[in-house]
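Commentary on secondary and tertiary structure
So the chains spell out like this:
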There are 2 protein chains.
Amino acid sequence: MNSQNIITIAIDCMGGDFGTSMTVPAAINFLQNSQHQNVNLLLIGQENVINESLQKFCDKNILQKFLDENLIKIIHAEQVVAMDDSPTLCIRNKKNSSMRIAINAVKDKIANACVSAGNTGALMATSHFVLKMLPNIERPAICGAIPTTVPDKCSFMLDLGANVDCNEHHLYQFAKMGTAWARAVGQIENPKVALLNIGSEEIKGNNVVKNAAKLLKDDPNFVGNIEGDAIYHGEIDVIVCDGFVGNVALKTSEGLVQTLAAALKQEYKRTLISKFGAALSLPALKRFKNRFDHRRYNGAILLGLQGISIKSHGSADVVAFEHAIEHAYIAAKNDILQKIQNLI
Amino acid sequence: MNSQNIITIAIDCMGGDFGTSMTVPAAINFLQNSQHQNVNLLLIGQENVINESLQKFCDKNILQKFLDENLIKIIHAEQVVAMDDSPTLCIRNKKNSSMRIAINAVKDKIANACVSAGNTGALMATSHFVLKMLPNIERPAICGAIPTTVPDKCSFMLDLGANVDCNEHHLYQFAKMGTAWARAVGQIENPKVALLNIGSEEIKGNNVVKNAAKLLKDDPNFVGNIEGDAIYHGEIDVIVCDGFVGNVALKTSEGLVQTLAAALKQEYKRTLISKFGAALSLPALKRFKNRFDHRRYNGAILLGLQGISIKSHGSADVVAFEHAIEHAYIAAKNDILQKIQNLI
């Protein structure tokens, strides 16, 4: 185990649509850009491929410095988890994959957290299998940050897809874990927690949500139900739902943003005046884009496990993956596991 | 019953956030703007209030012409359904409400369809209670049109909130009803039908969705699962989901659009150049806004009943409600009930 002051993050370098050409420069950028002291990275994957990417994307002197200071360490992994591998088969047959070794490093306390942009199902199943659940938590939940109308304010939402069928106890536990996460990461001492429902009144919704509301009624942070249109308003800090609903809400939002962006582009290109307007609008449009840049929110945590496992979007680029590593760092630094335990 | 060539639409004039000041001018505009022959409207509600709105919002000569030609007829209703009335109590205690009389008119074949912007729960419950289900359909579903990336192409989605708990047979029936609706209203002879899921692979999702896919596997229109990000792509014509998921997806989209619009406005106002850019961008932004103007898509149908009942958004304005009346007309004109029966 590292000294308490040093945080080690295990990175599955082979995961994601772009593999080491994305994960390796993101890791290097994280070390260069972050202001954190005492953090080091384990780069896990096929050694020759990682080395190639290090040579290609990293300044020689900087690389030497990082190696000399033990800020990066390469750990060879023979196997790679493919994006379409079955989660069950991964657990059984891919014990030497970069993903598995990264998760094992957390279990063995060689690392304080792991990050992967690989196969979501495999990452969830393997993290669950290797790390095991925290006491009194039955299911892990994917918890992500989402942008809101309020500038510089994000909300947290869980579960974003780990569980397709949940009961009221699972939602209750998600609410508690989300509260701990909002405190630790969002620095919100008293987060407002709500259940995602199809109406704000108590009588609305399915039985699971109604019963979860009853379980949560004495929770001082619980404020009741919200509808989908309130997700982005920024008034609620922790939005709780089952993984099916959360995943649909998240993906629907992603698709809608793409659709709107494409349509706006089409309309701007239609006339000369609009084109001129678009040119003058560029700074505003760029600020707007930055504000909702999903890359800033990349890196969802699998909450409820006896270890920190961070899931990056599979299509993450260098900037996005750097944010995912940052989220792993914050989770480890803030001792999120203990904070969840204190609330359950 | 009217002659087969005449379509009569019963309008609950008291429903919605703005009551007769919205429903009455919308009804008049519908008669003035639509190119349909042989359509007439029943304006149902408190007679004096409707008359006041007719005097206020309708040109005297035009009103006289409509009355002379029997294009509008006022039917007095003593009661009004409030937005927060319990659906069960409405069925029992509001038998003389404008909403109930409008639905009764459909049942009694005085009208071919009814439209209301009132209390959604009450409209669903009362429509279900009065009109009864079509044979072999177990649950009514709210089916709405949604804009897509493809210009002038909308998709249809159901259920948008009528049923919080569905089994695979319900989803199967929704798929069939959606197919009939897309054919009748969207004029798509062979609509592509998909289940909304959290992955496109067959193994993904909860048991209800997986079993629904099995029931639909021999349906020539069924193309499999889609994720939320494909809802707005325009490749799928009919998107099937349970009412909880559909309602969350729809409301989340509405909220996201508001959030993005507010943020874009903030960014445009930030500098002088941006303000100038915004001014030149106005035509493009207006075209963009029109394209996604939810008012064009107002008027969802309650599919599965032995009668046509159209639900308008409660906050609908005159333009939006006019579209809802148009949807009622199209549904009646295209004999949607028979078309559903042919498919089930």
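This text goes with the structure placed above it.
Residues numbered from 1 in each chain as written. Chains lettered and ligands numbered in written order. Predicted model: local features only at pLDDT ≥ 70, side-chain atom pairs only at ≥ 80, totals over all residues. Heavy atoms only, no water.

Focus: the overall build of chain A
When you go through chain A residue by residue, the secondary structure sums to twelve helices and eleven strands. Taken over the C-alpha trace, chain A has a radius of gyration of 21 Å; the compact-globule value for 344 residues is 20 Å, and the two agree within 12%. The dimensions of chain A, computed from C-alpha atoms along their principal axes, are 65 × 60 × 35 Å. Here chain A, with 344 residues, has 57% of them falling under the buried criterion. If you take every contact in chain A between residues at least 6 apart in sequence, the share linking residues at least 24 apart comes to 73%. Element-wise, carbon and sulfur atoms account for 51% of the exposed surface of chain A, whose accessible area totals about 14700 Å². Put simply, chain A has 34 plus and 33 minus side-chain charges, and the middle of one group is 2 Å from the middle of the other. (Helix = DSSP H or I, 4+ residues; strand = E, 2+ residues; numbered from the N terminus. Rg over C-alpha atoms; globule rule 2.2 N^0.38 Å. Buried < 20%, exposed > 50% of the residue type's maximum accessible area, 1.4 Å probe, protein only. Contact = heavy atoms within 4.5 Å. Areas by Shrake-Rupley, 256 points an atom, 1.4 Å probe, with all protein chains shown as cover. Lys, Arg positive; Asp, Glu negative; His and termini not counted. Charge placed at Lys NZ, Arg CZ, Asp CG, Glu CD.)

Concerning the interface of chain A and chain B
Interfaces are frequently sized by the accessible area removed from exposure as the parts join. Counting residues at the interface gives 55 residues for chain A and 55 residues for chain B. A buried area of about 4900 Å², summed over both sides, lies between chain A and chain B, and 69% of it is on carbon and sulfur atoms. Broken down residue by residue, the surface that chain A buries against chain B is led by A:Ile198, A:Phe244 and A:Arg287, which jointly contribute 13%. Between chain A and chain B we count two salt bridges in total. For the salt bridge of B:Lys251 with A:Glu227, the shortest nitrogen-to-oxygen distance reads 2.2 Å. Connecting chain A to chain B are six residue pairs in polar contact (both at pLDDT 80 or more). Where the side of chain A that touches chain B is concerned, the elements lending two or more residues are helix H8 (207-216), helix H9 (243-268) and helix H10 (272-291) of chain A. No other element matches H9(A), which puts 21 residues into the side of chain A that touches chain B. Its residues assigned to classes, the side of chain A that touches chain B comprises 26 nonpolar, 21 polar and eight charged. (Buried area = accessible area lost by both parts, 1.4 Å probe. Salt bridge = Lys/Arg side-chain N within 4 Å of Asp/Glu carboxyl O. Polar contact = N/O pair within 3.5 Å; in protein donor to acceptor, adjacent residues only side chain to side chain. Nonpolar A, V, L, I, M, F, W, Y, C, P; charged D, E, K, R; others polar.)

Here's the deal with the pattern of salt bridges
All names here are of chain B. Within the structure shown, the criterion is met by 14 salt bridges over all chains. Two residues, arginine 183 and glutamate 189, come together in a salt bridge whose shortest N-O distance is 3.9 Å. Its relative accessible area of 25% is what places arginine 183 among the partly exposed residues.

So, the sheet that holds strand S5 (residues 141-147) of chain A
Residues and elements named next belong to chain A. Pairing in this open sheet of eleven strands is mixed, and the strands run S3-S2-S1-S4-S11-S10-S5-S6-S9-S7-S8 from one edge to the other. At either margin of the open sheet sits one strand with a lone partner, and together these are strand S3 (72-76) and strand S8 (222-226). Pairwise comparison of adjacent strand axes, ignoring direction, gives a mean angle of 25° for this sheet. Running at roughly 165° to strand S9 (residues 238-240), helix H7 (residues 168-184) makes contact with S5, strand S6 (154-158), strand S7 (193-196), S9 and strand S10 (300-303) of the sheet. (Pairing = 2+ DSSP bridges. Axes fitted to C-alpha atoms, helices over the stretch in contact; angles between N-to-C directions.)

Notes on the packing of helix H1 (residues 20-33) of chain B against helix H11 (residues 318-333) of chain B
Residue and element names in this part refer to chain B. Contact geometry for H1 and H11: axes closest at 8 Å, N-to-C directions at 55°. With respect to each other, H1 and H11 are oriented oblique. Crossing of H1 against H11: the hand is right-handed. Across the interface between the two elements, Ser21, Met22, Thr23, Pro25, Ala26, Ala27, Asn29, Phe30 and Asn33 of H1 pack against Val318, Phe321, Glu322, Ile325, Glu326 and Tyr329 of H11. The class makeup of the residues in the contact of H1 with H11 is nine nonpolar, four polar and two charged. (Parallel < 35°, antiparallel > 145°, perpendicular 65-115°, else oblique. Left-handed = near helix turned anticlockwise from the far one by under 90°.)

A few points about the pairing of strand S10 (residues 300-303) of chain B
All names here are of chain B. On S10, burial covers both faces: Ala300 and Leu302 on one face and Ile301 and Leu303 on the other are all buried. Relative to S10, strand S5 (residues 141-147) runs antiparallel, the two being bridged by three bridges. From the neighbouring strand, alanine 141 faces S10, where its bridge partner is leucine 303. Here S10 pairs with strand S11 (residues 308-311) via two bridges, running antiparallel. Note on S11: the bridge partner recorded for isoleucine 301 is isoleucine 310. Once S10 ends, the chain turns through four residues before running back antiparallel as S11, passing glycine 304 with a positive phi of about 110°.

Focus on unusual backbone geometry
Here A:Leu158 and A:Asp159 are connected by a cis peptide whose omega angle stands at 5°. Relative to the elements of secondary structure, A:Asp159 occurs in the loop between S6 and H7. One non-glycine residue, B:Asn136, lies in positive phi territory at about 70°. With respect to the helices, strands and loops of the structure, B:Asn136 is situated in the loop between helix H6 (120-131) and S5. For B:Asn136, a relative accessible area of 59% gives the class exposed. In this structure, B:Gln187 is a non-glycine residue whose phi angle is positive, near 55°. Relative to the helices and strands, B:Gln187 resides in the loop between helix H7 (168-184) and strand S7 (193-196). Look at B:Gln187 and you get exposed, because its relative accessible area is 65%.

Some remarks on helix H2 (residues 47-57) of chain B
Residue and element names in this part refer to chain B. Looking only at H2, the buried set comprises Ile50, Ser53 and Leu54. When H2 is viewed along its axis, its buried side chains cluster within an angular range of 105° and face the same direction. Exposed residues pointing more than 90 degrees away from the buried face of H2 are listed as Asn48, Glu52, Gln55 and Lys56. Buried residues in H2 make contact with H1, strand S2 (39-45), helix H3 (60-68) and strand S3 (72-76). (Arc of directions from axis to C-beta.)

Some remarks on the relation of the copies chain A and chain B
With an axial shift of 0.0 Å and an RMSD of 0.0 Å, the rotation relating chain A to chain B amounts to 180°. What we have between these two chains is a two-fold relation. No C-alpha of chain A lies nearer the rotation axis than that of A:Gly277, which sits 2.3 Å from it. (Least-squares fit on C-alpha atoms with pLDDT ≥ 70 in both.)

Let's talk about the packing of aromatic side chains
Inspection of every chain in the model, using the stated rule, returns zero aromatic pairs over all chains. For the cation-ring pair, A:Lys132 lies above A:Phe129, with the distance from its terminal atom to the ring centre recorded as 4.8 Å. (Phe/Tyr/Trp six-rings, centres within 6.5 Å; stacked < 30°, edge-to-face > 60°. Lys NZ or Arg CZ within 6 Å of the ring centre and 35° of its normal.)

Describing the nonpolar core
Counting 235 residues, the largest nonpolar core has A:Ile9, A:Leu41, A:Ile336, B:Ile9, B:Leu41 and B:Ile336 as the members making the most contacts within it. In contact with A:Ile336, not counting residues within four places along its chain, are A:Ala180, A:Trp181, A:Ala184, A:Ile301, A:Leu303, A:Ile308 and A:Ala331. (Core = buried A, V, L, I, M, F, W, Y, C linked by side-chain atoms within 4.5 Å.)

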